[in-house]
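Spelled out, the chains give:
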Amino acid sequence: MFTTDDHRYMARALQLARKGLFTAAPNPRVGCVIVRDGVIVGEGWHEKAGAPHAEINALAMAGSQARGATVYVSLEPCAHHGRTPPCTDALIAAGVARVVAAMPDPNPLVSGKGRSALTAAGIAADSGVLEPEARELNIGFVSRMTRGRPWVRMKIAASLDGKTALLNGRSQWLTGPAARRDGHRWRARACVVLTGVGTIKDDDPQLTVREVATSRQPLRAVVDSRLETPLAARVLAGGALVAAAVEDGEKMRALQDQGAEVVVLPNVSGKVDLAALMQELGRRGINEVHVEAGFRLNGSLLREGLVDELVIYLAPHLIGDAASGMFHLPALETLAGRRELKIHDLRMIGSDIRVIAREPD
């Protein structure tokens, strides 16, 4: 059905889409290539919400050469009015002959409607070229559109014996500079960096992106059931979201005076309802959540089935049984109760090993 050229030009569209890796959210990362007579005449990508979509940028570059051309776009063109007009209208007006999408748009406002609008106008419309790669690039957007919650990625730095901190809480630095830079790339692509109040008290982290260049900082969020976040905590600088389980007017006002937003989401145990928190983040347009927390919050998120991906850096050190582990999980009586994972990626990052694991498909 699809030719070698179709794959080649779609690969270029995906390459362009990755330019929006750190900036496109809450919108999907989309790239577009316009080809006429075997020559690329237009290229574009979506930078940020409110800015022109990839198709519009590519059409602007192509100009009159778009007439009769083939358009390769990494996501089905939109057919609804959002912050910008429908891309299908622009493609139809430009007189393109064919549109090839990598995948349908999972947004119910769009899904299938873009393709239908194009075919109704006499434009050949196909999809499915490099679809797995396109889905991977927008894994958080797909999650939010289909499940109502973000894709949750948990990052952990540990010793080779699976320990994340000494008994006294010290953990800087277990991994080398290359792994730390790589960890900041994961932060940069996320919409939210999430931690627990215990980590705030122990380490006072900034949780900002510093090791890679980005024009956008993700929102910082703290799970803090009893509103114990110190008012001088560095995570509050520039604004943060604090998820609590109690309504304490005085503590809430004090945090709000520091620029924080407090949401109260209690569960029946008097803790933060983590599933409700993820749904709330989804309603706010959050595509990807990056978790950097201690073993208790890590374990709670895992127990509630809210972790989609683990990114674990293993440093070539041994620091002993008394040190803190990765997760607080209940003991098993038999191996039948173990949690099965699938290794998605495994590689060396500097002197450390990076393991990316997910639930089996």
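First, a word on what this report is: a plain description of the structure on this page.

What counts and how
Residues numbered from 1 in each chain as written. Predicted model: local features only at pLDDT ≥ 70, side-chain atom pairs only at ≥ 80, totals over all residues. Heavy atoms only, no water. Helix = DSSP H or I, 4+ residues; strand = E, 2+ residues; numbered from the N terminus. Contact = heavy atoms within 4.5 Å. Pairing = 2+ DSSP bridges. Axes fitted to C-alpha atoms, helices over the stretch in contact; angles between N-to-C directions. Parallel < 35°, antiparallel > 145°, perpendicular 65-115°, else oblique. Left-handed = near helix turned anticlockwise from the far one by under 90°. Salt bridge = Lys/Arg side-chain N within 4 Å of Asp/Glu carboxyl O. Buried < 20%, exposed > 50% of the residue type's maximum accessible area, 1.4 Å probe, protein only.

Within the secondary structure layout, R187 lies in helix α7 (residues 177-189). In contact with R187, other than residues within four places in its own chain, are V193, L207, T208, V209, R210, P218, H290 and E292.

Right, let's talk about the sheet that holds strand β9 (residues 219-223) for a bit. Spatial ordering of the open sheet is given by β11-β10-β9-β8-β12-β6-β13-β16-β15, a layout of nine strands whose pairing is mixed. The open sheet terminates on both sides in strands that have one partner only, identified here as β11 (260-264) and β15 (342-349). Adjacent strand axes in the sheet meet at a mean angle of 20 degrees, parallel and antiparallel pairs treated alike. Across the sheet, α7 lies against β6 (151-159), β8 (192-196), β12 (288-291), β13 (309-315), β15 and β16 (352-358), angled at about 165 degrees from β13, the strand it touches most. Along the sheet, helix α9 (residues 249-257) contacts β10 (240-244) and β11; its crossing angle with β11, the most-contacted strand, is approximately 145 degrees.

For any two helices packed against each other, one specifies the crossing angle of their axes together with the interaxial distance. Where helix α3 (residues 87-94) meets helix α4 (residues 113-120), the closest approach of the two axes is 10 Å, and the angle between their N-to-C directions is 20 degrees. Classified by the angle their axes make, α3 and α4 are roughly parallel. As α3 packs across α4, the resulting crossing turns out to be right-handed. Between α3 and α4, the contacting residues are T88, L91 and I92 on the first element and G114, A117 and L118 on the second.

Pairing is possible between side chains of opposite charge, provided their charged atoms come close. Throughout the structure, instances matching the rule amount to 28 salt bridges. Here E292 ties to R187 by a salt bridge, and the two come within 2.8 Å at their closest N and O atoms. One end of the pair, E292, is in the loop between β12 and α11 (295-303); the other, R187, is in helix α7, with 105 residues separating them in the sequence. Close ionic contact of E340 with R338 constitutes a salt bridge, the shortest N to O distance being 3.1 Å. On the basis of relative accessible area, R338 is assigned to the partly exposed category, the value being 46%. Within the structure, one salt-bridge network assembled from shared partners comprises R29, E136, R153, R189, E288, E309 and R358.

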